[in-house]
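# Architecture and fold: a report
Chain by chain, the residues:
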Amino acid sequence: MAIAEGFPGQRLRVLPRPMIVEALSQPGTSHLVATDCGYFPEARAHAMSRPAPIDQAVVLICTSGRGWCRIDDATHSVEQNQVVVIPPGTSHAYGSDSADPWTLWWLHVDGRDLHEFLVAARMTASAPVRTLADTYRVVSLVEEVLQQMERDISTASLLAASGAAWHLLAVLASSATSGRSRISVIDDARDYLRSHLTERITVAHLADRAKLSPSHFAALFREQVGFPVLKYQTQLRMARARELLDTTDLPVATIANTVGYRDEFYFSRQFRAVHGTTALRYRAQHKG
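Residues numbered from 1 in each chain as written. Predicted model: local features only at pLDDT ≥ 70, side-chain atom pairs only at ≥ 80, totals over all residues. Heavy atoms only, no water.

Okay, the sheet that holds strand S2 (residues 33-40) next. In spatial order, the strands read S1-S2-S9-S4-S7-S10; together these 6 strands make up an open sheet with antiparallel pairing. On the outer flanks of this sheet lie strand S1 (11-14) and strand S10 (129-131), each paired with one strand and no other. Mean inter-strand twist for the sheet, computed between neighbouring axes without regard to direction, equals 15°. Pairing of strand S4 (residues 57-64) with strand S9 (residues 103-110) involves 7 bridges; the strand directions are antiparallel. Residue pairing in the sheet places Ser64 in a bridge with Thr103 of S9. Sitting on the sheet, helix H3 (residues 135-151) touches S1, S2, S4 and S9, and the angle it makes with S2 is about 110°. (Pairing = 2+ DSSP bridges. Helix = DSSP H or I, 4+ residues; strand = E, 2+ residues; numbered from the N terminus. Axes fitted to C-alpha atoms, helices over the stretch in contact; angles between N-to-C directions. Contact = heavy atoms within 4.5 Å.)

The subject of this paragraph is the packing of helix H6 (residues 203-210) against helix H7 (residues 214-225). It is at 9 Å that the axes of H6 and H7 come closest, and there the two elements cross at 95°. Classified by the angle between their axes, H6 and H7 sit roughly perpendicular to one another. Contacts from Val203, Ala204, Leu206, Ala207 and Ala210 of H6 reach H7 at Pro214, Phe217 and Ala218. Partitioning the contact of H6 with H7 into residue classes produces 8 nonpolar, no polar and no charged. (Parallel < 35°, antiparallel > 145°, perpendicular 65-115°, else oblique. Nonpolar A, V, L, I, M, F, W, Y, C, P; charged D, E, K, R; others polar.)

Attention now moves to H7. Each full turn of the α-helix corresponds to 3.6 residues, which orients residues three or four apart in the same direction. With 12 residues, H7 should cover 16 Å at 1.5 Å per step; its first-to-last C-alpha distance of 16 Å lies within 8% of that length. Where H7 terminates, the next one or two residues include Gly226, which has phi positive at roughly 110°. (Expected span 1.5 Å × (residues − 1).)

So, about the sheet that holds strand S8 (residues 92-96). Strand order in this open sheet of 4 strands is S3-S8-S5-S6, and the pairing throughout is antiparallel. Edge positions in the open sheet fall to strand S3 (47-50) and strand S6 (74-78), since each of these has one partner strand only. When strand polarity is set aside, the average angle formed by the axes of neighbouring strands in this sheet is 10°.

Okay, the pairing of strand S7 (residues 82-86) next. Burial runs high along S7: 5 of the 5 residues are buried. Side chains Gln82, Val84 and Ile86 of S7 all project onto a buried face; the interleaved residues Val83 and Val85 project onto the opposite face, where all are buried too. Looking at chain direction, S4 and S7 are connected through 5 bridges and run antiparallel. Note that in S7 the partner of Val59 across the bridge is Val85. Relative to S10, S7 runs antiparallel, the two being bridged by 3 bridges. Counted as the bridge partner of Val83 is Arg130 from S10. (Buried < 20%, exposed > 50% of the residue type's maximum accessible area, 1.4 Å probe, protein only.)

Right, let's get into the confidence of the model for the protein chain. For the protein chain, the average pLDDT comes to 90, and 95% of its residues sit at 70 or higher. In this model residues 176-180 is a low-confidence stretch, pLDDT under 50, and it forms 14 contacts with partners more than four residues away in sequence or in other chains. (pLDDT = per-residue confidence, 0-100.)

Before going further, it helps to examine the nonpolar core. Side chains that are nonpolar tend, in soluble globular proteins, to be buried together. By size, the foremost hydrophobic cluster in this structure holds 37 residues, and its most contacted members are Val59, Ile61, Leu107, Val109, Val145, Leu169 and Leu172. Mapped onto this core, the elements with two or more residues apiece are helix H1 (17-23), S2, S4, S7, S9, helix H2 (114-120), H3 and helix H4 (155-175). In this structure, Phe40, Ala43, Ile71 and Leu104 belong to the second largest nonpolar core, which totals 17 residues. (Core = buried A, V, L, I, M, F, W, Y, C linked by side-chain atoms within 4.5 Å.)

Our next topic: the environment of Leu212. By secondary structure assignment, the location of Leu212 is in the loop between H6 and H7. By relative accessible area, Leu212 is classed as partly exposed at 24%. Considered as a pair, Leu212 and Val185 are 27 residues apart in the sequence and their alpha carbons are 9.6 Å apart. What Leu212 contacts, discounting residues up to four positions off in sequence, is Val185, Ala207, Phe217 and Leu220.

Right, dumping it as structure tokens:
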């Protein structure tokens, strides 16, 4: 017999509906609020069905075992280290595998920023399941939401829970992917660029390291990072240049060379393009 909750060792918190309405009208929580949250260890016979859509998005993180979800009549399998994001306004059902029941961390979220997160992460009803690059990080944020809701339902606790939920969706939007290998390839390229800041690194070189074609790698990098390889490398160099301008008295020419620019004038043009001012004027600005 399928059950919705009542598993040994489970944790569960649900906000009263009037409190949700109030939270969605208040500063901070109006942007995003966690309405329900829980942890179901080895949830044998777990199943939930909602033929009538709800206003919240449902986030399910499977940390062991297996399960399934069905959204608008399409069924998807769910494996260990995968996340399911069910958008609001969709009829859905989900449950654990009968032979290998899942362990599940989950929460419901609502708020005016929710739609933007779902769009940014391409989390849709047709593609609700993603493999996580860092399951521990995601689970720790769900647990933070749950701990705050277990503490009490004061304004302070709801704000803290909302902040953790916001962080969780930001992580999912920036790093969730349909395959672990795709994000690890780009993370490796970003690490390589950071550790070879002063060198001239080409897309072809990075693509060769990743065993991908240059065009495929370039498209994948832009998709995951948000801008092309060259612009990312420029941003890294400019961040280091700002640090040196703020913390040392080194001449601009020396700083340019330190961050990989042999031509001081080219560095100056790049710095102005990024910051809207010269390096010397940047250094003179009051910061703090």
